[in-house]
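Commentary on secondary and tertiary structure
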Amino acid sequence: MKMEKIKKVSCVGAGVIGYSWALYFSLKKLDVTVYDISDESLELAKKRVHDSLGSLIQNQVIDENEGREIETRIVYTTSIEEAVSDVQFIVESVPEDYDIKRNLVKEMETFTSNETIIASSTSGLLITEIAKDAKYPERFIGAHPYNPPHLIPLVEITKGEKTSEEVVTTAKEFYISIDKEPVVLQKEALGFICNRIQMALYREVCDLVSRGVCSVEDVDKAVTYGPGLRWGIMGPSLVFQLGGGEHGIAGLLQHLGPSINLWLQDMADFKEFPKEFGPIVQKGVNEEIKNRPPEIGNDDSSLAEYRDKMLIEMLKLHNKL
């Protein structure tokens, strides 16, 4: 299938990721069908779409007329046949479970054209395993977004052993056409790119807090007001390129190499997260949130509102909104 033929999209699974994808596709003037197994789930998705549009209106990304138009392009259904039978691109966002996803693959393939591209929003499962019982495994890809997909541009495209390169190319072109920033993994890797980097960082957070080096609040501040600011502008290798002056990143790594090696020897390398860390970090997060002024979020709801506002402002600087 050619990218130009993709006019209608189905979002299968209407949770936090699925509803956000539906909103984004409609924002980009595509017709969208949203599927879930219950009317209650669909009503919640509809409310989330409406509330997120309210945030976009409030932050002057769209106006109220555009918001109403976006809502009219989204159709909700509990019929998988209605959801997928006449679309060119499907985004699956159901729970992270191979059996659930494989059973859904069988259902979807009953009603789709064999050219319809099916993209899984999986956060780290292997596409080869998800599509191993598929009739047409060549049209399956992973397309992992970052939450919330209607704001964050990244899409990590992964392929299974039988995924067609033509499908990968079409999917990448499609995401670029709707202003996403797709990256393509050349081989399968659990967790993909960003979740692996994110968890490597968080393993060190866990170790530093557990050893009493710093509080949860201070490690969050350290990332937010230190490397996080730079990473919001450019990637870590480009940051190091500038840090190396006229010698670039190669010079920086050579210069700091002996010191870096000492840090690495002292850093966490455990292969399973300590079970006891959950309650510890939750207590720290609760204390951190309590210390925040209301205007930057001091409960889960206002924190999400602040996050979205800041994301929107950053995306405007990147010319992504």
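First, a word on scope: everything that follows refers to the structure included in this document. The structure presented is a predicted model; accordingly, all values stated were derived computationally and were not measured.

1. Observations concerning the overall build of the chain
Helix and strand counts for the chain come out as 14 helices and eight strands. Computed over C-alpha atoms, the radius of gyration of the chain comes to 21 Å, within 12% of the 20 Å expected from 2.2 N^0.38 for 321 residues, which places it in the range of a compact globule. Overall size of the chain, expressed as C-alpha extent along the three principal axes, is 60 × 45 × 45 Å. For the chain, buried positions account for 42% of its 321 residues. Look at the contacts in the chain between residues 6 or more apart in sequence, and 69% of them connect residues 24 or more apart. Side-chain charges of the chain comprise 36 positive and 51 negative groups, with the mean position of each set lying 2 Å from the other.

2. Considerations on a nonpolar patch on the surface
Taken together, Leu256, Leu262, Trp263, Leu264 and Met267 make up a surface patch of nonpolar side chains, about 490 Å² in accessible area. Assignment of secondary structure puts Met267 in the loop between helix 12 (248–266) and helix 13 (277–290).

3. A short note on the sheet that holds strand 8 (residues 181–184)
Taken in spatial order, the eight strands of this open sheet run 3-2-1-4-5-6-7-8, and their pairing is mixed. Only two strands of the sheet have a single neighbouring strand rather than two, namely strand 3 (74–77) and strand 8. On average, each strand axis in the sheet is tilted by 25° relative to the strand beside it, whichever way the strands run. Of the strand pairs in this sheet, strand 4 (residues 89–92) and strand 5 (residues 117–120) are connected by four bridges, and their pairing is parallel. By the bridge assignment for strand 5, Ile90 is matched with Ile118.

4. Focus: the side chain of Thr112
One can find Thr112 in the loop between helix 5 (98–111) and strand 5. Once residues lying within four places of it in the same chain are set aside, the contact partners of Thr112 are Val84, Ile90 and Arg139.

5. Concerning unusual backbone geometry
Cis geometry is found at the peptide bond from Asn147 to Pro148, where omega equals 0°. The residue Pro148 is located in the loop between strand 6 (140–145) and strand 7 (154–159) in this model. Look at Lys29: it is not a glycine, yet its phi comes out positive at around 70°.

6. Considerations on the packing of helix 9 (residues 216–224) against helix 13
Between helix 9 and helix 13, whose axes approach to 8 Å, the crossing angle comes to 70°. With respect to their mutual orientation, helix 9 and helix 13 come out roughly perpendicular. For the pair formed by helix 9 and helix 13, the contact residues are Val216, Glu217 and Asp220 on the first element and Val281, Gly284, Val285 and Glu288 on the second.

7. Observations regarding the state of the cysteines
For the structure on display, the rule yields zero disulfides. Lacking any disulfide linkage, Cys206 is separated from the closest cysteine sulfur, that of Cys214, by 11 Å.

Conventions adopted
- Residues numbered from 1 in each chain as written.
- Predicted model: local features only at pLDDT ≥ 70, side-chain atom pairs only at ≥ 80, totals over all residues.
- Heavy atoms only, no water.
- Helix = DSSP H or I, 4+ residues; strand = E, 2+ residues; numbered from the N terminus.
- Rg over C-alpha atoms; globule rule 2.2 N^0.38 Å.
- Buried < 20%, exposed > 50% of the residue type's maximum accessible area, 1.4 Å probe, protein only.
- Contact = heavy atoms within 4.5 Å.
- Lys, Arg positive; Asp, Glu negative; His and termini not counted.
- Charge placed at Lys NZ, Arg CZ, Asp CG, Glu CD.
- Patch = residues over 30% accessible without salt bridge, like charges linked within 9 Å, V, L, I, M, F, W, Y side chains within 5 Å.
- Areas by Shrake-Rupley, 256 points an atom, 1.4 Å probe, with all protein chains shown as cover.
- Salt bridge = Lys/Arg side-chain N within 4 Å of Asp/Glu carboxyl O.
- Pairing = 2+ DSSP bridges.
- Axes fitted to C-alpha atoms, helices over the stretch in contact; angles between N-to-C directions.
- Parallel < 35°, antiparallel > 145°, perpendicular 65-115°, else oblique.
- Disulfide = S-S within 2.5 Å.

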